[in-house]
Amino acid sequence: MKLQVLGCHGGELPTCRSTCFLVDDVLALDAGALTGTLTLEQLCKVDDILVGHSHFDHVKDLPLLADLVIGRRDRPVTIHASRECAKALRENMFNNALWPDFTRIPTRLKPVLAIKTFRAGSTFQVGPYTVKSVPVSHPVESCAFIISDGKSSLAMSGDTGPTDKLWKALNATKDLKALLLEASFPNSLQALADISGHLTPATVGSELRKFDRNGAQVMLYHLKPAFVTQLKKELAPLPVNVLELGETFQF
Ligand SMILES: Nc1ncnc2c1ncn2[C@@H]1O[C@@H]2COP(=O)(O)O[C@H]2[C@H]1O
């Protein structure tokens, strides 16, 4: 699998982009940095988008994407979202108030977007990929994804505070090559991290003790833009890499 880092922060500044990864040019993981990073030609190749939860920094480019690719694809771009997340997108984003309902435009039968719902915790097929969703710990329903192409697996934690379910699922994934793990706030903001369902370097460290790593890389993302320098200092002693914008990996 080819993995491109389009966005690896928990917000935006000129040097930071919200969460968004691209697998094999066709599968996006979250939609925080699609339309500002890919060309129109590249955007038109994105067939599926896995959305881990409904928070704005993870879904913000969906409306702009729909408006860009309309009339340029043979089939809808499919957004895969848990029940709560799909409901939030339908009611609060594609509601003809915030943005037109592109799941019915240009026609109900051949729309530019399709929202396909999964049950948090279920496993489903997305093109050639088998995707296991794992509910994690966040104020809104949030899912990690474990994505397999049949040869290797790649996981993304989604926004989460401390969790046991994710580590249990990862420890059972024998061909796991890499884990994209969130790390949002510095240790001085542990109380905010706890209340908002996020990790700090301290809790990344304690969470990793639950992980039978088996050679998998751990790559951190979702650093809050205001704290990147401090976070990198606090994360330096841990056996992890902090992702940078524009990096590409092959698993
Ligand atoms: N109680 C809170 N106080 C301050 N900021 C918050 C609080 N809860 C959530 N947030 C912020 O709102 C953001 C929503 O997206 P995130 O979960 O990425 O990160 C969250 C925090 O940065």
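Details of the structure are given in the entry above.
These numbers were taken from a predicted model, which means no experiment stands behind them.

*Asks:* Could you clarify how one ought to interpret the sheet that holds strand S1 (residues 2-7) in this entry?
*Replies:* Within a sheet, each strand pairs with its neighbour through backbone hydrogen bonds, oriented either parallel or antiparallel. Spatially, the seven strands line up as an open sheet ordered S6-S5-S4-S3-S2-S1-S14, and their pairing is mixed. In the strand order of this sheet, the two ends are held by strand S6 (113-118) and strand S14 (248-250), each with one partner. Pairs of neighbouring strands in the sheet enclose a mean axial angle of 20°, with direction left out of account. In the sheet, strand S4 (residues 48-51) pairs with strand S5 (residues 77-82) via four bridges, with the strands oriented parallel. Residue pairing in the sheet places Ile-49 in a bridge with Ile-79 of S5.

*Asks:* Before we go on, may I ask you to explain the sheet that holds strand S11 (residues 176-182) in this structure?
*Replies:* Across the sheet, which stays open at both edges, the seven strands sit in the order S7-S8-S9-S10-S11-S12-S13 with mixed pairing between neighbours. A strand with exactly one partner marks an edge of an open sheet, and here the two such strands are strand S7 (123-126) and strand S13 (241-242). When strand S12 (residues 217-221) meets S13, the two strands line up parallel, connected through two bridges. Bridge pairing in S13 places Leu-220 opposite Val-242.

*Asks:* I keep staring at the pattern of salt bridges and nothing clicks. Help me out?
*Replies:* A pair can form between side chains of opposite charge whenever their charged atoms are brought close. What the rule picks out here adds up to 10 salt bridges. The salt bridge partner of Glu-12 is Lys-60, with a shortest N-O separation of 3.0 Å. On the criterion of sequence distance, the pair formed by Glu-12 in the loop between S1 and strand S2 (20-23) and Lys-60 in the loop between helix H2 (56-59) and helix H3 (62-69) is long-range, its members being 48 residues apart. The shortest N-O distance in the salt bridge between Lys-232 and Glu-244 comes to 3.0 Å. Of this pair, Lys-232 sits in helix H8 (residues 228-235) while Glu-244 sits in the loop between S13 and S14, and the two are 12 residues apart along the sequence. What emerges from the salt-bridge pattern is a single network uniting Glu-12, Lys-60 and Asp-61.

The rules behind each value
Residues numbered from 1 in each chain as written. Predicted model: local features only at pLDDT ≥ 70, side-chain atom pairs only at ≥ 80, totals over all residues. Heavy atoms only, no water. Pairing = 2+ DSSP bridges. Helix = DSSP H or I, 4+ residues; strand = E, 2+ residues; numbered from the N terminus. Axes fitted to C-alpha atoms, helices over the stretch in contact; angles between N-to-C directions. Salt bridge = Lys/Arg side-chain N within 4 Å of Asp/Glu carboxyl O.

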